[in-house]
Amino acid sequence: APRPTPRQLTEHLLVDGLGLGLCLDCVTMSGTCALTFQIECIATKPGEAVFVVGSAPEIGAWDAGKAVPCLTSTKVYPNWTSQTVTLPANAGKIEFKVLVQAADGKSPASARWEGGPNRCLSIPEGKGGLVQLSASCSWGLPEVTYRTKMDGATVGGGQGLPPAPTPAPAPAPEEAKKGQEPKKVVDSMMPRLETGVHFGLEEFVDESGDSLGPLENASSSNLLRKASRNHSQTMAERMQRRSSRHLCINNDGMLNSDMSRVPSMMLIDASELEEDTKKYTEEVEKLERDSLNIMQRRMPSGSLLEKMEEVIGSADKDSIVLLQGFNWESWRAGAGDWYSVIGKSVDKFKHVGVTDIWLPPPSSSVAPQGYLPSQLFNLDGSKYGTQASLETLIKTLHENGIRAIADIVVNHRCGDKQDSQGRWNQFTSGMENRPSFAGVMDWGGWAITLGDTYSDGTGEHAPGKYDGKFDAAPDIDHANQKVQQSIAIWLRWLQLQVGFDGWRFDFVKGYSAEYVGLYCKKSAPAWAVGELWGDMQYDDNGLAANQDRHRQDVTNWINATDKQSTAFDFTTKGILQEACKNCQYWRLKDASGKPPGLIGWMPKYAVTFIDNHDTGSTQRHWPFPDDKVVVGYAYICTHPGIPALFWDHVMDWGEHVRNQIADLLRVRRESGIPVDAPVKIICADADCYIAEIGSPAALRVALGPRHAGDADGSYWEQGCQGKEYRVWIHKKPAPTPPPAPTPAKSPAQASPTKGPAKAETLSDVSFPDITVDGVKLTQAKLKAMSKQEVEQLVGKLEPLLHACKLAKALKK
């Protein structure tokens, strides 16, 4: 029998989902069933394709390497169609799933499987007539709808959905005149088939309110729903109202930006779509975190981490701006709920340009500041607020595009019970409502390093050779595998249950850097930073000019974590505050002409800062000079590295200081400098420092009491300025005005017709060979240079060309 067309075979349905709508076409012939999958999916990445795999051998027998591939094209994307699969008509019930993997199908181990229970389909037995079966479903949702045609009759239904509609006949004239509702008619003789669900042939009730009946083609609506990841009843109700809103999609599948409105069907507003997309994306991510949180003690850690990486993602270091969201007294200032204080200031954070907030230690602690933790799972025991308040804060931060960084204090831990000898070395977790976490973080003396004051001698390892000592609490043995496993589980719980995105590791000089790397690998944070606060070098004149040994220690630590973590740049802080305090800006250039801190060696892994709760606040162990704080920010906000702000400066020092910092960060964003931008130091005298950052130069900064003069006005424009600092940003080229219209020539004046003008090429330009930075430039050399090398060359020659033009003008 000839194969029916898709139009004859499939009735399209409105499907709600995360990016996938699936239609199954099934034609049953004598003894066999020709099965074709038609899938609508926008979840693929470049180089990937959609596959279908299931329980039957013909569809892979659950082997991703034998899954049925689906094809698409630019004209029909995101619609995918599989090759026809032939099944025996008596195959009975089969199960299947949709997955995404590399298009060549050679990497089944990395395939992304559709979540939720397996989908079921019962292959109908043909009885000589043509049986047509279609099914629709959405990625990750259990609902499946079916449409079956046999001998011209249609049967519909699905799992978890209302019964399919049965068309009603037109009302009789008498009924219409009386204003009576027409009766719904059901064909009681319609044949029924088993197709994975039982179909209820009941009266169809139009709940949409628009009297349009069932939709036949909803690909545009599907695209809208996938784009917004809409799973809420609110949007479902919105789509059911009269004048429902839809997107206009061109034939090539692209959004038509020229949207219009008609009374019967309003088009959706683009800004509202963006807002809904953001909202429902956050809701879906929260649901995914909740699901993984439930499963984390039941899944292999490798599979769990892979899923967590998809949910949490990784931070773009080029754009990170970190704010320490507390000081030493915040536990007191918040009156037991500091988290709500932070939540009320989110708008100010966004104004400044903050992307990440470092929150205080979340667990129950002997000290109110949180740095002597005991029951690590007990977040209600924190002086900063309850676990519920913390989760509400993090939800608010996520809704505003801000990540939450947890302060991880695991170098030491305070016991909450004593052993038989009166030593505080018995630890309980504080977890009371998760039976699967039983025993996690319940430690004894075996978890403490040998030789420690609190040790009972049952531990396995002594402290490392270079481990620093913290005498106020038991020193934890991170070489113990049970300790490692417990900390990894706790970190994942902080991510999946509480919502944290990254880590700030406290007092990392107390245990080996390799364990910080291990904990990052076992929890997959968006990013992490460690506090390695070591001693700087001093001589008879105070702080030594050369601090290479200090930054080498930090560099070694980062490498020992396998570059899983960044580090606070204490080297830059120490040198910068000395330069500002004593007007010694010569300190800001090392012997190689680079910045003298960690940013001069490893800028991608350097987190620059001015003060924190230890160096500043009420402790003031090593404070930056108060009158030079904004000058310090002018340096770290314009130079490479990840800038970190302190709560006091942003929130407690007044609106003027906050706006100055916000202006500096605005200029940084507008310049587009990356985290590892090169620095060209033009001047480093006692009273003046000038540098240009980027390649080609995108920012120019001058620090110090001496006026640095005006920058080249043809290349630079004013960015922002304040007391003892000025910042310029590279001018963006002005848009080229459209050419003026040329008057038409009369036939007598018209020149002979010529071919199209030939585009100018490099070969058309001749110039004498010149040498720049020891490199002889020729046409061949220019052709061989990369785009980046040419941009660097232009950046060097543009100022020279401008100076030559000025000199020429002066000599006239």
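In this text the structure is predicted, and so the values were computed from the model without any measurement.

S.K.: Let's hear about the packing of aromatic side chains: which residues, and what values?
M.R.: Evaluation of the coordinates by the stated rule reveals 18 aromatic pairs. Taking the centre distance of 5.8 Å and the plane angle of 55° together, the rings of Phe37 and Phe96 count as tilted. Taken together, the positions of Phe37 in strand β2 (residues 32-41) and Phe96 in strand β7 (residues 93-102) put the pair 59 residues apart, joining distant regions of the chain. For Phe96, a relative accessible area of 2% translates into the label buried. Members of the aromatic cluster, joined through ring pairs, are Phe326, Trp358, Tyr384, Trp533, Phe568, Phe570, Phe609 and Trp622. Lying over the aromatic face of Trp443, Arg413 brings its terminal NZ or CZ to 4.7 Å of the ring centre. Across the ring face of Trp728, the terminal group of Arg700 is positioned such that the distance to the ring centre comes to 5.6 Å.

S.K.: Tell me about the state of the cysteines, residues and numbers included.
M.R.: Applying the stated criterion across every chain yields a total of zero disulfides. Cysteine Cys583 is unpaired, with the sulfur of Cys580 as its nearest cysteine sulfur at 9.1 Å. The class of Cys583 is partly exposed, set by a relative accessible area of 29%. Cysteine Cys720 shares no disulfide, and the gap to the nearest cysteine sulfur, in Cys637, comes to 8.8 Å.

S.K.: Residue-level account of the sheet that holds strand β25 (residues 699-703), with values.
M.R.: Spatially, β23-β24-β25-β27-β26 is the arrangement adopted by the five strands of the open sheet, whose pairing is antiparallel. The two strands at the open ends of the sheet, each matched to only one other strand, are β23 (679-684) and β26 (716-722). If you compare each strand with its neighbour and ignore which way they point, the axes differ by 15° on average. Pairing analysis gives six bridges linking β26 to strand β27 (residues 725-730), with the strands arranged antiparallel. Each bridged residue has a counterpart across the sheet, and for Gln721 the counterpart in β27 is Arg726. With respect to the sheet, helix α15 (residues 629-636) is in contact with β24 (689-693), β25 and β27, its orientation differing from that of β25 by roughly 150°.

S.K.: Provide a residue-level description of the pairing of strand β22 (residues 642-646), including the pertinent values.
M.R.: Among the five residues that make up β22, five are buried, leaving the element largely enclosed by the rest of the structure. Burial along β22 is two-sided: Ile642, Ala644 and Phe646 and Pro643 and Leu645, pointing in opposite directions, are all buried. As judged from the three bridges shared by strand β13 (residues 322-324) and β22, these two strands associate in the parallel manner. Directly across from Gln324, in β22, lies its bridge partner Phe646. In this sheet, β22 lies alongside strand β21 (residues 606-608) in parallel orientation, the contact comprising two bridges. Each residue of the ladder has a partner; that of Thr608, found in β22, is Pro643. Between the parallel pair β21 and β22, the chain is carried across by α15, and the sense of this crossover is right-handed.

S.K.: Could you give an account of the pairing of strand β15 (residues 403-408), with specific residues and numbers?
M.R.: The buried count for β15 comes to five of six residues, which makes it a mostly enclosed element. When strand β14 (residues 356-358) meets β15, the two strands line up parallel, connected through three bridges. Bridge pairing in β15 places Asp356 opposite Arg403. Bridging between β15 and strand β16 (residues 502-505) involves four bridges; their strand directions are parallel. Bridged to Asp407 within β16 is Arg504. Read from β15 through helix α11 (residues 481-498) to β16, the crossover connection turns out right-handed.

Rules of the game
- Residues numbered from 1 in each chain as written.
- Predicted model: local features only at pLDDT ≥ 70, side-chain atom pairs only at ≥ 80, totals over all residues.
- Heavy atoms only, no water.
- Phe/Tyr/Trp six-rings, centres within 6.5 Å; stacked < 30°, edge-to-face > 60°.
- Helix = DSSP H or I, 4+ residues; strand = E, 2+ residues; numbered from the N terminus.
- Buried < 20%, exposed > 50% of the residue type's maximum accessible area, 1.4 Å probe, protein only.
- Lys NZ or Arg CZ within 6 Å of the ring centre and 35° of its normal.
- Disulfide = S-S within 2.5 Å.
- Pairing = 2+ DSSP bridges.
- Axes fitted to C-alpha atoms, helices over the stretch in contact; angles between N-to-C directions.
- Contact = heavy atoms within 4.5 Å.
- Right-handed = clockwise from strand over helix to strand, strands pointing away.

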